[in-house]
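# Report on the structure
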Amino acid sequence: MDVEKNYGDSQIQVLEGLEAVRKRPGMYIGTTSAKGLHHLISEIVDNSIDEALAGYCKHILVILHADGSCEVKDDGRGVPSGIHPTVGKPTLEVIYTILHAGGKFGGGGYKIAGGLHGVGASVVNALSKRVEVRNHRDNKGYYIAFERGNVVEEFRETGETELHGLHVRFWPDDTIFETVEFDYETVKTRLREQAFLNAGVDISITDLRGEEEITEDYCYEGGIRSFVEYLNKKKGADVLHGDVIYIAGEKGDSQAEVAMQYNDTYNDAILSFANNMHTIDGGTHETGFKAGITKVLNDYGKKYNILKSEEKLSGEDVREGLTAVISVKLEDAQFESQTKAKLGNSEIRTLVEGIVTEKLSIYLEENPETAKIIIEKSITAARAREAAKRARELTRRKGLLESSSLPSKLADCNERRMEYTELYLVEGDSAGGTAKDCRDSRFQAILPLRGKILNVEKNRIDRIYSSVQIVPIILALGTGIGSEFDITKLRYGKIILMADADVDGSHIKTLLLTFFFRHMRPLIDAGHIYSATPPLYKVYRGKQQRYAFSDEERDMYIEELGGNAQAERYKGLGEMDPDQLWDTTMDPEKRILKRITVEDAMEADALFSVLMGDKVEPRRDFIEANAKYANLDT
Ligand code: 28F
């Protein structure tokens, strides 16, 4: 860094003509598509950012002018104003007309922290119809203009000024680019990204092309921490821990920083950058980061016995719901892959993995609450993944799920058209028997589920797939499961969970919902899953009777029937006789069905962890919260 502080006019490197750039633009900016066009802005802005990183520039303004040009202004020191000793021309002219070796796409080095200000400026000049440069330094203004890379207005002093910094306005060459129209959103996104990556640098964009002037301003003191917060907010996700975890370190000339925060979704969003360039294809910095967090979380889980000895978190597990930004700065960055968007420097993997391993461990030790949240999220992911794997294996098991036979306990209905049919999943053989007796067999099918309930609290989800309760359901629905799941094969329009209104009933519903959510999610999304609502009380006086679905209703009926009206609590479905069950719970004319909805994936993510967690209360709340009153037969 120090070397670049005060270099004079003599340090410009290898010289080359600009014709090469106009002949083969792709070599220098990758493409002449819209992407290449926008790259021009980045090339200029990058120079301002270098000046900001050197500590001399705080504001960068980007203006999209109505005439199609783009102007970039910074408030740095401005370019040294003298004559370049070896070239014998003004330094500003040298920077804009002589191609520097080692451009990004020509192979070789990179400018950041390397003190190569101005790389890229000549490329922009070569590919622009016109470029005007206004330099402000030591209270004097200077001006020079170019067309297609050639000087058209000689370098001159323009008088006194209070300004400092460089202003560059360029008109991209429409004989080179497929389009010369800048896209506001593209520019804005890129600039905001740069503001995140360079903490404290204030970057604004102004669009003067429309009827109304638009200006947006980006400056983040938090840098990539703010980037992570922004990404999570944009997702609409709830974060699992308040603070963004921030890790930074350096070795030799290389610096690395990482910001990370978990949210309640299933997906990860890991963005990586090398020298402020987005490395879409990842590379060594990303690999190092992933290896680091996997190791740290496994070690932590083992150390505190949160992970059982046979359990191991995979990379995927520890990344579920993770939003992270990795930014490295290095000299001599090597880019691989077709798009040159993959970092290849192997020393960076070591650096990033090293700092993550060391500093994330420390962070977790110092923040045990956050640590617990993260590790539990990862364990949930691991178990779900394991369960999914078993589900797939299960489908492969011939003669079980692939068989076209229906489960023996199923009392099917006559109607074959799915839209008209209902399948009642009934807790317990005795209630199942009652339901079979009273149902309308034209369209109502009954599948009793074994009495003894698999306790989701105490059983890993993989047990569910071999469970005597679940397999018959899969067979009855006809859809298959896992990768073979096919909703068009669904045999019933409504799948109605009918369980007692007690804790056991709640458990079996939880189990079923967990299962549907994870492996037959489209059934929930399409509104096929319902919950029946059996009454809580029978209120009677003589021959008159009422069914109450709440305590309030019970009290109301007691009053209504008057005198010595009695209320009797139904402890289970099995206590009702067939007529009562039909009247209260199964008759489409009278029953209350609650449709189970999953509001959106985000919300469901969080709810699922609740379902899989150790606490019974939130799990029960889930069922209640997600059972919406649905109108009959809608
Ligand atoms: C709108 C684009 O390009 N800003 C720039 C500087 C500052 C220096 C510099 C640039 C000098 C000899 C190369 C000033 N004082 N914005 C920009 N700001 N280039 S480009 O120096 C270039 C070197 O060879 C600068 C002291 N050192 C450097």
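Look above for the structure.
Residues numbered from 1 in each chain as written. Predicted model: local features only at pLDDT ≥ 70, side-chain atom pairs only at ≥ 80, totals over all residues. Heavy atoms only, no water.

### Focus: the overall build of the protein chain
Applicable threshold: Helix and strand assignments come from DSSP, with helices taken as H or I runs of at least 4 residues and strands as E runs of at least 2, each series counted from the N terminus. To sort residues, take the accessible area from a 1.4 Å probe on protein chains only and compare it with the maximum for the residue type: under 20% means buried, over 50% means exposed, and anything in between is partly exposed. Should any heavy atoms of two residues lie within 4.5 Å, those residues are considered in contact. Accessible surface is estimated by sampling points in the Shrake-Rupley manner with a 1.4 Å probe; for residues, cover comes only from the protein chains shown.
Of regular secondary structure, the protein chain possesses 20 helices and 24 strands. Here the protein chain holds 634 residues, and the buried ones make up 54% of them. Within the protein chain, contacts between residues at least 6 apart in sequence are counted, and of these 69% link residues at least 24 apart. Just so you have it, the protein chain exposes about 28200 Å², and 48% of that area is on carbon and sulfur atoms.

### Looking at the sheet that holds strand 13 (residues 322-329)
Note the following rule: Strands pair, by our definition, only if DSSP identifies at least two bridges between them.
Spatial ordering of the open sheet is given by 9-10-13-11-12, a layout of 5 strands whose pairing is mixed. At either margin of the open sheet sits one strand with a lone partner, and together these are strand 9 (245-251) and strand 12 (277-278). Both strand 9 and strand 10 (residues 254-262) contribute to a ladder of 7 bridges, which runs antiparallel. Of the residues in strand 10, the one forming a bridge with Ile245 is Met260.

### With respect to the packing of aromatic side chains
Here a ring pair, both rings aromatic, is described through the centre-centre distance and the interplanar angle of the planes. Our working rule: Geometry of aromatic contacts follows a simple scheme: Phe, Tyr and Trp rings, the Trp one being its six-membered ring, pair when their centres are within 6.5 Å, and the pair is stacked under 30 degrees between planes, edge-to-face over 60, tilted otherwise. Look at NZ for Lys and CZ for Arg. If either is within 6 Å of the ring centre and within 35 degrees of the ring normal, a charge sits over the ring.
Applying the stated criterion to the full structure yields 10 aromatic pairs. Judged by centre distance (5.5 Å) and plane angle (5°), the ring pair of Tyr142 and Phe155 falls under stacked. With Tyr142 in strand 4 (residues 140-147) and Phe155 in strand 5 (residues 150-160), the pair connects residues that are 13 residues apart, well separated along the chain. Pairing Tyr300 with Tyr304 gives two aromatic rings, centres 4.7 Å apart and planes at 45°, and the pair type is tilted. You can call Tyr300 buried: its relative accessible area is 9%. In this structure an aromatic cluster arises from ring pairing among Phe196, Tyr218, Tyr220, Phe227, Tyr230 and Phe273. Stacked on the ring of Tyr537, the Lys or Arg Arg554 has its end atom at 4.7 Å from the ring centre. The ring of Tyr537 carries Arg569 above its face, with NZ or CZ at 5.5 Å from the centroid.

### Here's the deal with the nonpolar core
Under the convention used in this document: Grouping buried Ala, Val, Leu, Ile, Met, Phe, Trp, Tyr and Cys residues that are joined through side-chain atoms within 4.5 Å yields what is termed a nonpolar core.
Among the nonpolar cores identified, the biggest contains 57 residues, and Ile41, Tyr96, Val133 and Phe170 are the most heavily contacted of them. Element by element, the count of residues in this core is highest for helix 3 (residues 34-53), at 7 residues. Apart from residues no more than four positions distant in its own chain, Val133 is found in contact with Leu92, Tyr96, Tyr142, Tyr143, Ile144, Phe146, Leu166, His167 and Val168. By size, the runner-up hydrophobic cluster in this structure holds 38 residues, among which are Val258, Tyr262, Ala274 and Val352.

### Focus on the side chain of Thr97
For clarity, the threshold we go by: Definition of a polar contact: a pair of N or O atoms within 3.5 Å, with one able to donate and the other able to accept a hydrogen when the atoms are protein atoms, and with sequence-neighbouring residues admitted only if both atoms are side-chain atoms.
Note on placement: Thr97 falls in helix 4 (residues 91-97). Within the local environment of Thr97, its side chain forms a polar contact with the backbone oxygen of Glu93, the two atoms lying 2.5 Å apart.

### A few points about the sheet that holds strand 1 (residues 59-64)
Working definition: the strands of a sheet are paired by backbone hydrogen bonds and lie parallel or antiparallel to each other. Put simply, the rule reads: Think of each axis as a best-fit line through the C-alpha atoms, taken over the contacting stretch in the case of a helix, with angles from 0 to 180 degrees between the N-to-C directions.
The sheet built from 8 strands is open, its strands ordered 5-4-3-6-2-1-7-8 with mixed pairing. Since the sheet does not close on itself, it has two edges, and those belong to strand 5 and strand 8 (214-218), each with one partner. Each strand of the sheet is rotated relative to its neighbour by a mean of 10°, with strand direction disregarded. Across 6 bridges, the pairing between strand 1 and strand 7 (residues 202-207) is parallel. Bridging from a neighbouring strand, Val62 pairs with Ile205 of strand 7. Sheet contacts for helix 3: strand 1, strand 2 (70-74), strand 6 (165-172) and strand 7; angle to strand 6, the most-contacted strand, approximately 175°. Sheet strands touched by helix 6 (residues 184-197): strand 1, strand 7 and strand 8. Its angle to strand 7, the strand with the most contacts, is close to 170°.

### Here we look at the environment of Pro448
On the secondary structure map, Pro448 appears in strand 17 (residues 444-449). Classification of Pro448 by relative accessible area gives buried; the value is 8%. The spatial distance from the C-alpha of Pro448 to the C-alpha of Gly432 is 4.7 Å, given a sequence separation of 16 residues. Leaving out residues up to four positions away in the same chain, Pro448 has contacts with Lys409, Val426, Gly428, Asp429, Gly432 and Lys436.

### A look at the packing of helix 8 (residues 284-303) against helix 10 (residues 346-366)
Our working rule: Every angle not falling under 35 degrees, over 145, or within 65 to 115 is termed oblique; those three ranges are roughly parallel, roughly antiparallel and roughly perpendicular. Helix crossings get a hand from a simple test, with the near helix turned counterclockwise from the far one by less than a right angle marking a left-handed crossing and a clockwise turn marking a right-handed one. Note on residue categories: nonpolar means Ala, Val, Leu, Ile, Met, Phe, Trp, Tyr, Cys or Pro, charged means Asp, Glu, Lys or Arg, and polar means any other residue, Gly included.
Their axes nearest at 7 Å, the elements helix 8 and helix 10 cross at an angle of 30°. In terms of their interaxial angle, helix 8 and helix 10 are classed as roughly parallel. You can see that helix 8 and helix 10 cross each other, and the crossing is right-handed. Taken together, the residues that form the contact of helix 8 with helix 10 break down as 11 nonpolar, 8 polar and 5 charged.

### Thoughts on the environment of Leu322
Summarising the element assignment, Leu322 is placed in strand 13. Once residues lying within four places of it in the same chain are set aside, the contact partners of Leu322 are Met260, Gln261, Tyr262, Asn267, Asp268, Ala269, Ile270, Phe289 and Ile293.

### Focus on the pairing of strand 18 (residues 494-498)
Of all the 5 residues making up strand 18, 5 are buried; the element is thus mostly covered by neighbouring parts of the structure. Bridging between strand 18 and strand 19 (residues 529-532) involves 3 bridges; their strand directions are parallel. When the sheet's bridge partners are listed, Ile496 is paired in strand 19 with Tyr530.

### With respect to helix 14 (residues 470-477)
Most of helix 14 sits inside the fold, with 8 of its 8 residues counted as buried. Buried within helix 14 are the following residues: Ile470, Val471, Pro472, Ile473, Ile474, Leu475, Ala476 and Leu477. Downstream of helix 14 by one or two residues, Gly478 has phi in the positive range, about 85°.

### Section: the pattern of salt bridges
How we decide: By definition here, a salt bridge exists when the distance from a side-chain nitrogen of Lys or Arg to a carboxyl oxygen of Asp or Glu is within 4 Å.
Tallied over the full model, the rule gives 37 salt bridges. Asp429 is the salt-bridge partner of Lys409, the closest N and O atoms lying 3.3 Å from each other. Taken together, the positions of Lys409 in the loop between helix 11 (368-396) and strand 16 (422-427) and Asp429 in helix 12 (residues 429-438) put the pair 20 residues apart, joining distant regions of the chain. Judged by relative accessible area, Asp429 falls into the partly exposed class, the value being 39%. Between Asp583 and Lys590 there is a salt bridge; the shortest N-O distance is 3.5 Å. Because the salt bridges share partners, they merge into one network encompassing Arg130, Glu132, Arg134, Glu147, Glu153 and Arg156.

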